[in-house]
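Below, each chain spelled out in residue letters.
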Amino acid sequence: MNYPMVFFICQVLTVATELMPVAEGVYVPFAKEMPEQKVESFQMQKHAVTNEDFLRFVQSAPKYRRSKVPNLMADQNYLRDWTDDLTPPDAKEHHPVTNVSWYVANAYCRHLGMELPTTAQWELAASAKDYEKQILDWYSAPGASDSLVMSTFANVFGIWDLHGLIWEWVLDFDSEAPVQAEAFCGASAGGTADVSNYTAFIRYGLRSSLKANYTVRNMGFRCAQNE
Amino acid sequence: MKLGHIVLALALLPISWTQDKMPIEEATLTYAPNVPPAVKRDHPARVQVKMTTIEKVGRLADGVEYTFWTFGGAVPGPMIRVREGDIVDFMLSNHPDSKVPHNIDLHAATGPGGGAAASLTAPGHTSKFSFKVINPGLYVYHCATAPVGMHVANGMYGLILVEPKFGLPPVDREFYIMQSEFYTVGRNGERGLQPLSMEKAIDERPDYVVFNGSVGALMGENAIEAKTGEKIRMFLGNGGPNLISSFHVIGEIFDDVYGEGGTMISQKNVQTTLIPAGGSAMVTFRTEVPGNYVLVDHSITRAFNKGAVGILKVDGEPDLEVYSGKISDTVYHPEGGTIQSMPLGKAPEKVALSPAKILEHGKEIYETSCQACHQAGGKGIPGVFPPLAKSDYLMADLNRSIRTVTNGLSGEIVVNGVKYNSVMPVLHLSDEDVAAVMSYVRQNFGNDAKEMVTVEQVVKAKSE
Ligand SMILES: [Cu+2]
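Owing to the predicted nature of the structure, the values given are computational and were not obtained by experimental measurement.

Enquirer: Can you explain the overall build of chain A? Please cite residues and give values.
Expert: Looking only at helices and strands, one finds seven helices and seven strands in chain A. Starting at the N terminus, the α and β elements of chain A follow one another as α-β-β-β-β-α-α-α-α-β-α-α-β-β. The buried share among the 227 residues of chain A stands at 53%. Considering only residue pairs separated by 6 or more positions, chain A has 74% of its internal contacts joining residues 24 or more positions apart. Carbon and sulfur atoms provide 55% of the accessible area of chain A, an area that totals close to 10,100 Å².

As C-alpha cells, this is what we get:
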C-alpha cells in the first residue's frame, strides 16, 4: 500500500465513525427465487451516522443543506427536525440523523470514500433472527425513535443498534422490489423464503415502500467499506 | 307509439356519466357504531376518501393496553358509504411517526390486490389511487402489508358499503359493528401494555374476541340504543384475522339476513348468522319489547371469557303478549371475563394501594367480572340476577357476601323482598381482588358501608 492511500484512510477514520470488520458469509435473500449470495468480508460503521456527523458533512458540502436540496433528491420532510440548514435539534448531536433520503445518504458515504451497505451486507451483519424479540418490542412502542446511538446493543461484530433504534438505508433498497410487490401487497406471502420471519418481512416491506428521495422520521443510515 | 311514450322512453335511457362530468364530493366517514348517512344521489360521483394510518397505544380491556395499528386512529377504521358506479379517489396517508409502511386492500375494489400495491405507503407519505365500485354490497377493507397477519391482528380493518343503484330499504336505525380478535402475550385480563403474541396468532389462539375494537366497546354507557317498534339494520363485519363469527343477538330474531354482505336477502327469520373472517353480513330486525339485548359471538366462550359481548338497549312500552317478562332461568349466563370453575384458591396478586386506588381497581373488577350479570349500577335483572344496588342481602352479612364471590352461590335467596333461585358461579379472583370489589360494591350503588373490606376479612370468611 502506498503512502497517499494510507493517508486517505486515516483521514476518513478521523472524520467518520469507527469501522468494524464483518467476516465473509452467505446471504440468503428473502425472495425465494433469488440465488444465495456470497458476501466478501467488509467493514461497517460501528453506529449510525449522527446529527453531529451530518452537520460536518453539510458544512463541507453546502449543496446538501436543507434549503438547497431539490425535491427530486429529498422530499419536503428532509431534516425536518433541524432548526435550519446548520442547526441540528437541540441536545441531539449523538442521536442518529433521520429524515434523510437515499440520495443524500449515498452522497454522504461517497463523500467519505465509502458506500451504503448493500442489502446482503446489511442483513449479513444484522443476522436478524436472533434478535426477533428486540425488534418486535421496538415495533410495539409507537412513535418516533428518540435515543442516542449505541443505546441498544452491539452484535458479535461490535456493531451497534442494527435493531431497535431506527431503520437504515441500504444501497440497493429496491433490489427485491418486483418480488416484494407480490409478497407484500397481497394477503399471501408468495415468493418468500421464510414466511414466519416476521421481522424480515417488515424490513423488506418498508424498503419496498420507499423511493430514493423519500425521507422517513424513523430512518437513518450508516456507511460501509469494501476491502 | 304515442309521443308521450317516446318521451318516457327517452327519460328512462341510462344517462352515461363520463368521468370528467361526474360531480365530486368528499365521503362522510363515521366511527363505529355510527354509520354514514344513506347516499341520496341517483347518479354516480367521484367520492374522495381520506384516511391516515396511525400506530398508537389504546385500551383493549380494563387495565390492559395494546399498541394498535389503525386506520384513522380507531379500531375498526372509519366506515365508508358510496353508491354503485361511483369512482372512489382514495388518499392514504401514513403518519410520520409510524414505524412501518401500511396500505389498504378494499374488497369493494376490482383489480389486483384491491388497491394494495397502489397504496403501499411509507411513514410520512401519502398515496393516491382510484377505483370504480362496480359491485354493490358490504365489503371489508384491511391493511395488506406483509406480514398481513400482523397488520390485521393489530387492528387494521373496517367496512365499506357500496349501496345498490336504487339504495337500501329504509330503516329507523343503522349500526356498524365489527368483530375481531387479539393475541396478547399475557393471558386474558393480565394487566399492563400487552405485546402481540405472534405465536398465538399463528396457532389461532386469541385471548380477546371483541366487538368494535375493545372489551366493553358496546357495553354500559357505550351500549347502542333503540326504541320499541323500530326497524334496525346492522352492518356486521369480521376483521378476523382468523375466527369466523357466529353472530347472535340474545332475544332477537333477524327478520332478513343479507348473507355474507351481498345484496340479496338470503334467508329470513334467522337466529345466528355466520360472518366469515374478512367478510360481512347485513341483518335487519324489528324491536318489539323493551330491555337489554345482548350481542354475542355464539361460539360462546368467546362471549363469556374473551369479550365478544355488546348490548342493544331498547326503550319503550312493554308488550306482554309478545313477551311476558317472566323468566325462569337463562340458558346463557353472560359472565364476565374471569375464568369460572369449581376449584378454589390461586396465588394472590400483590396490590398494596391506597383506598382510593383499591376502589378504582374494585370498579374495574366489577365491570369486567360482575357487571355482565349484575348490570351497570348493580341494578340486576329482576328474577334472574339479583341487584347489588341497595341490596339488603349484600349488606346484612359481610362474611356471607364474601363467600358468595369466593365460593359461588346457588339455591333460593331473598334480595330486597324478591326471591331468586339461580346459580352464581365461582369467580377466580385473588383475595385482593375480592376485597377490592367487595369494598367497591358495598360503598357504591346506594350501599352505605364506610369501611374497606380487608384481605384478612376475605381470608377469614373463606375459611368459615
Ligand atoms: Cu398496516
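Next, the rest of the story.
Enquirer: Talk me through the interface of chain B and chain A; I want residue IDs and the actual numbers.
Expert: Each side of the interface is counted separately: chain B has 29 residues, and chain A has 29 residues. Interface of chain B and chain A: buried area, both sides summed, is about 2,400 Å²; carbon and sulfur atoms make up 66% of it. When residues of chain B are sorted by the area they lose upon contact with chain A, Asp-97, Lys-99 and His-125 of chain B head the list and together hold 27% of the total. Joining chain B to chain A, the criterion identifies one salt bridge. Close ionic contact of Asp-97 of chain B with Arg-217 of chain A constitutes a salt bridge, the shortest N to O distance being 2.3 Å.

Enquirer: Describe helix H9 (residues 431-443) of chain B, naming the residues involved and giving the relevant values.
Expert: Residue and element names in this part refer to chain B. In this model H9 runs 18 Å from its N-terminal to its C-terminal C-alpha over 13 residues, within 8% of the 18 Å that 1.5 Å per residue would give. For H9, the buried fraction is high: 12 of the 13 residues fall into the buried class. Of the residues making up H9, those classed as buried are Asp-431, Glu-432, Asp-433, Val-434, Ala-435, Ala-436, Val-437, Met-438, Ser-439, Tyr-440, Val-441 and Arg-442. Contacts made by the buried residues of H9 are with helix H6 (355-374), helix H7 (392-396), helix H8 (398-407) and helix H10 (455-463). Backbone geometry just downstream of H9 places Phe-445 in the positive-phi region, at approximately 55°.

Criteria and cut-off values
Each residue is numbered by its place in its chain's sequence as written, counting from 1. Chains carry letters from A onward and ligands carry numbers from 1 onward, assigned in written order. Reporting in this predicted model follows two pLDDT cut-offs: at least 70 for local features of residues, and 80 or more for side-chain atom pairs to be given and counted; totals over whole chains, interfaces and linings ignore these cut-offs and use all residues. In computing side-chain properties, one takes all heavy atoms of the structure into account and sets aside hydrogens as well as water. For the purposes of this entry, the term helix denotes a DSSP run of H or I that reaches at least four residues, the term strand denotes a run of E that reaches at least two, and both are numbered from the N terminus. Each residue's exposure class comes from its accessible area (1.4 Å probe, protein chains only) as a fraction of the maximum for that residue type: buried when under 20%, exposed when over 50%, partly exposed otherwise. Contact criterion: two residues are considered in contact whenever any of their non-hydrogen atoms come within 4.5 Å of each other. Every accessible area reported is derived by Shrake-Rupley at a probe size of 1.4 Å, with residue values counting cover from the shown protein chains alone. What gets called buried area is simply the loss in accessible area from a 1.4 Å probe that two parts show on being joined, summed for both. Throughout this description, the term salt bridge denotes a Lys or Arg side-chain nitrogen within 4 Å of a carboxyl oxygen of Asp or Glu. Working rule for helices: expected span equals 1.5 Å times residues minus one.

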